[in-house]
Each structure stands twice: as structure tokens, then as C-alpha cells.
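Analysis of the macromolecular model
So the chains spell out like this:
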Amino acid sequence: MSRPTGNIRLKSARVAAGYTSQQALADALTEAAEGLGIQGLAIGVRQVRRWESANPPWPQPDCQRVLTRMLGQDMESLGFVAPWETTGASPDRLRRNLITTTVAAVGLAAVPTRTASAVQPASVAADFTAVTHSHRRLYWSVAPTTLYPAAAAHASLGCALLPETAGQTRKLIAAALSETWLLVGRIEFFDLREPDRASDTLLRALQAAGEADDPLLGAAVLAHTAFIPGWEGRRDDALERMVAARTYARRGPASAEFEAWLDAVEAECETRCGNSRTALNLIRHGEDAIAAGSRHPNPEWMDWFGPARLAAFKGNTQLKAGHVPQARATLLAVLDELPPGEAKQATVVLGDLAAVEAAAGNPGESCRYAIRALDQLAMTWYATGMERVREVRKSLAPWQYEPCVRELDDRLYSWSTTVSALAR
């Protein structure tokens, strides 16, 4: 059997990066040149064919930039021999220039030099992404302390794989890594109530979204970062992050539900900062957007929002605004519409209904909703849901000697509930 001829290193790197044909690589390189601000550089299949020949010509500097950017390796690792290697006419300074060019091509930091044998196959993207998707679905049923270490370890794997991939494969790994970091950050913030750690994690998610050049993922991450200052009452910081999130969403393009979710996030931040009227206007805008329909589909990973979730935001805002009858009607409708898999959201809605009844002076009904929330929390822990119940208990202080409130206390501070709260 005859051995393959030509520049096998470049061909291997091309295939590993997901470009199965020379034409596909040529098209990607031309597009990348535009993204790097290189004007007028058109790379055709004939040029790629020459580079993959037995004696590939040394590419021009602009071509080197896009090649090292898209394939993630330096020129020597891609099978090219510099002219000074054959003529001996250039000093070490030219080698340093080559390294500088490579660093500039890959961004803020150079990807570690690696041999062609260290490049992962293109199939690694599908394999890594499949696990990411599984973790996303498991979030709705698996206890956060159980899922959290697995998702964090998966993110570590993605960080290790990223330098070993290039081109389209690298983009797919980066997108899945961003989604994984986003999931980890959501668990840290909403389930474990560790906002400082979540802030660091979401920054990693944003960096990975940038590596994937996925503006919608970037918008989703930025909007999640707005929750952190928003829940602390730092309105200006929250709104600045929402402006950035909406800017990225425009590049998406975003679906109507995605735009409505941004309205809901900003509305929650406004509500927690005491601006319920502004929040209700934002929610109304989101309702109108969903009613008008969308020309674009939702991103697959946005499984945390829909019309029922928007209504849940609305009910909480109505409650905070003092619109008790309206809040009751909205939240009861949400409770009826929530599918069985929305156990975590159900604890929040039940907590808000308990708060509605407390505000209406109905301690017995308030305690019944709060106990239903605790029953669900015993099966599906959610720190945000537990916070709602604790807030309700504070509002029941005028009736703290009533039997119904004492029954709630017995449940709220039972052995199992207390241990679960401290352990999770």
C-alpha cells in the first residue's frame, strides 16, 4: 500500500477542524479574513490544494494569520517550511516574528503549540455537546448538589479540549462549554445562592461564548449577570448589563420569546429595586412581543422560559406593586398551566401565592400554599423557592400564635427541611 503524499499535516488539521473538503476550508478562510479586518483576501480551492501538495509554498503573512486562527496551530505544525529553514538566510529574529504573528492571530493569548497527533477529531464536538445537553435536561429533576460537581467537571473537560481543537470543531466545543458554564452559574446563583461564585462562572461562560462567536449565548449570559446586582438593589449596574445583553441579542437574531425573556429579567431587577410600575411596563412589552409571533426560532438551550414563566414574573411584580387581586388571578393561572416538569418553578409560584394570601389577611390560606411549597422542596430543592417561603413566614408575624402558622413552623424547621437547607 502506497503512503499518502502531500502535506499530510495540513490535511489532518483541516479534517480535524471539521472541514471535510478543500473548498470548505477555502470558504472558511476567506470569511475569517473579513472577520479579522483583512480586506481583499480571497482564498480559493486552488490555493488550498497547493498548500496540501508535497512542496507547499510559504503563505503570505495575511494567509498565515487566517490559517493559524482557523486551524489553531503554528505554521510549522501545519507542515509548512519557512524559507529561512532552507536557505539559512534569516536570523532568529524572523522566528520571533513568526511567533508574534501567531500570537496576534489567535487573540489575547497564544494557543499552546501542539503536534498534529494532539489534535482532537471533529467527532469530539458532538460527543462533548451531547453531554452538555444531557446536563441541561437533568437540571430540572436532579438535586443541584448532585448535578453541580458533574457539570463543573464537564466544564473542566471542555477547557482541556478547547486548545486541542480548531476551526468549526473549536467553535462547537466553545459553544457547548459556554452553555455548561451558564448551567453551572445558574445552579450557583438560583439553587445554591452563591452570587460571588456565580459572577466568576458567568464571566467564563461569556468568554466561551465569545470564542464560539455566538451572540445569543452572549446575550443570555449577560442577562443572567444582571440578576446579581439586580437582586442586591444595584439598579444602574443591572441595567448596564441589560443594555449589553440587548445589544448582543440584536446580533442574534433573537426570537420573540428571547426578547420577552430579556424584558422579564429587566422587570425582575426593576421590581427588586422598587420600580414596579416600570417592571409592569416591561412585562407588558414582553407579552406583546410573544402575541405578535416570531420570525426566528428559540435557541435550543433556552429551556427556562415561556409564556407561563413570563406570567409568573408578572404575578410576582403585581404582588410587589400591591395589586393583590390581580396577582392572585395571574398566579393561579400560572399554577394551572405549569407542566409536571416545572417543579422548581412551582415552588416559587406557590410561595408567591402564599405571600398574596398573607397580604390579603388570610393566614390559613397562606400557610396552606407555603406548606405545599415545602412539600415540593422536599422532593426538588430550589433555594429561590425556599427564600419565597421564608419571606412569607416573616409576613405572617402578626398571626404567629395561630395554629396554622405554628404548623408551618413545624414544617419549615423540621429535621429534614433544616438539614436539606444546610446541606444544599
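Above this note sits the structure.
First, a word on scope: everything that follows refers to the structure included in this document. This one's a predicted model, so the numbers in the text were calculated from it and none came from an experiment.

Re the overall build of the protein
- If you tally the helices and strands in the protein, you get 21 helices and zero strands.
- Within the protein, the fraction of its 424 residues that count as buried is 50%.
- Taking the contacts inside the protein whose residues are at least 6 apart along the sequence as the reference set, 66% of them involve residues at least 24 apart.
- A total accessible area of about 20000 Å² is found for the protein, and carbon and sulfur atoms account for 53% of it.

Topic: the side chain of Glu 179
- With respect to the secondary-structure elements, Glu 179 resides in helix H9 (residues 167-191).
- For Glu 179, a relative accessible area of 9% puts it in the buried group.

Quick word on the nonpolar core
- Ranked by size, the top nonpolar core spans 100 residues in total, and within it Phe 258, Trp 261, Trp 304 and Phe 305 carry the most contacts.
- With 12 residues, the single largest contributor to this core is H9.
- Setting aside residues no more than four positions away along its own chain, Trp 304 makes contact with Trp 140, Leu 182, Arg 186, Ala 220, His 224, Trp 261 and Arg 309.
- Tyr 19, Ala 32, Met 70 and Leu 71 belong to the second largest nonpolar core, which has 24 residues in total.

A short note on empty space enclosed by the protein
- Per the counting criterion, the structure on display carries two cavities of 30 Å³ or more.
- The volume enclosed by the largest cavity comes to roughly 340 Å³.
- Around the largest cavity, the lining comprises 23 residues; the ones closest to its centre are Phe 190, Arg 309, Phe 313, Gln 345 and Tyr 382.
- Of all the elements in the fold, those that place two or more residues in the lining of the largest cavity are H9, helix H11 (215-231), helix H13 (256-272), helix H15 (307-320), helix H17 (343-359) and helix H19 (383-395).
- For the lining of the largest cavity, the element with the most residues is H17, which contributes five residues.
- Broken down by class, the residue content of the lining of the largest cavity amounts to 13 nonpolar, four polar and six charged.
- By volume, the second largest cavity amounts to about 120 Å³.
- Forming the walls of the second largest cavity are Thr 132, Arg 136, Tyr 139, Trp 140, Glu 179, Thr 180, Leu 182, Leu 183, Arg 186, Trp 301, Asp 303 and Trp 304.
- Its residues placed into classes, the lining of the second largest cavity shows six nonpolar, two polar and four charged.

Things to note about the pattern of salt bridges
- Per the stated rule, a full pass over the model turns up 21 salt bridges.
- A salt bridge links Arg 170 to Glu 211; its shortest N-O distance comes to 3.0 Å. Highlighted residues: Arg 170 in helix H9 and Glu 211 in helix H10 (residues 195-212), separated in sequence by 41 residues.
- When its relative accessible area of 16% is taken as the criterion, Arg 170 is described as buried.
- For Glu 211, a relative accessible area of 30% puts it in the partly exposed group.

Some points on the side chain of Thr 330
- For Thr 330, the position within the fold is in helix H16 (residues 324-337).
- From its side chain, Thr 330 meets the backbone oxygen of Gln 326 in a polar contact 2.9 Å long.
- Contacts of Thr 330, omitting those with residues within four sequence positions, involve Ala 311, Lys 314, Gly 315 and Gln 318.

A few points about the packing of H16 against H17
- Two elements in contact, H16 and H17, have axes separated by 10 Å at closest approach and are oriented at 155°. It follows that H16 is roughly antiparallel to H17 by the angle criterion. Crossing of H16 against H17: the hand is left-handed. Contacts from Val 324, Ala 327, Arg 328, Leu 331, Leu 332, Val 334 and Leu 335 in H16 reach Val 349, Leu 350, Asp 352, Leu 353, Val 356, Glu 357 and Ala 359 in H17.
- Here the contact of H16 with H17 is composed, by residue class, of 11 nonpolar, no polar and three charged.

Looking at the packing of H11 against helix H12 (residues 235-250)
- Between H11 and H12, whose axes approach to 8 Å, the crossing angle comes to 170°. The pairing of H11 with H12 is recorded here as roughly antiparallel in orientation. In this structure, H11 uses Pro 215, Leu 216, Gly 218, Ala 219, Leu 222, Ala 223, Thr 225, Ala 226, Pro 229 and Gly 230 to contact H12, whose residues at the interface are Asp 237, Ala 238, Arg 241, Met 242, Ala 244, Ala 245, Tyr 248 and Ala 249.
- Class assignment for the residues of the contact of H11 with H12 results in 13 nonpolar, three polar and two charged.

Brief notes about helix H14 (residues 276-292)
- For H14, which comprises 17 residues, the first-to-last C-alpha distance of 24 Å matches the rise-based estimate of 24 Å (1.5 Å per residue) to within 8%.
- Every buried residue of H14 is listed here: Ser 276, Ala 279, Leu 280, Leu 282, Ile 283, Gly 286 and Ala 289.
- Contact partners of the buried residues in H14: H12, H13 and H15.
- Within two residues after H14, Gly 293 carries a phi angle of roughly 85°, on the positive side.

Some points on the packing of aromatic side chains
- One pass over the full model with this rule turns up 12 aromatic pairs.
- With a centroid separation of 6.0 Å and 75° between ring planes, the pair formed by Phe 190 and Trp 231 is classed as edge-to-face. Taken together, the positions of Phe 190 in helix H9 and Trp 231 in helix H11 put the pair 41 residues apart, joining distant regions of the chain. Here the two residues Phe 190 and Trp 231 agree in accessibility, since each one is buried.
- The cationic tip of Arg 193 hangs over the ring face of Phe 189; the distance from NZ or CZ to the ring centre is 4.6 Å.

So, how was this worked out
Residues numbered from 1 in each chain as written. Predicted model: local features only at pLDDT ≥ 70, side-chain atom pairs only at ≥ 80, totals over all residues. Heavy atoms only, no water. Helix = DSSP H or I, 4+ residues; strand = E, 2+ residues; numbered from the N terminus. Buried < 20%, exposed > 50% of the residue type's maximum accessible area, 1.4 Å probe, protein only. Contact = heavy atoms within 4.5 Å. Areas by Shrake-Rupley, 256 points an atom, 1.4 Å probe, with all protein chains shown as cover. Core = buried A, V, L, I, M, F, W, Y, C linked by side-chain atoms within 4.5 Å. 1 Å grid on protein atoms, 1.4 Å probe; cavity = no way out; pocket = protein on both sides within 12 Å on 5 of 7 lines; lining within 4 Å. Points joined across faces, edges and corners; volume = space filled by probe spheres on them. Nonpolar A, V, L, I, M, F, W, Y, C, P; charged D, E, K, R; others polar. Salt bridge = Lys/Arg side-chain N within 4 Å of Asp/Glu carboxyl O. Polar contact = N/O pair within 3.5 Å; in protein donor to acceptor, adjacent residues only side chain to side chain. Axes fitted to C-alpha atoms, helices over the stretch in contact; angles between N-to-C directions. Parallel < 35°, antiparallel > 145°, perpendicular 65-115°, else oblique. Left-handed = near helix turned anticlockwise from the far one by under 90°. Expected span 1.5 Å × (residues − 1). Phe/Tyr/Trp six-rings, centres within 6.5 Å; stacked < 30°, edge-to-face > 60°. Lys NZ or Arg CZ within 6 Å of the ring centre and 35° of its normal.

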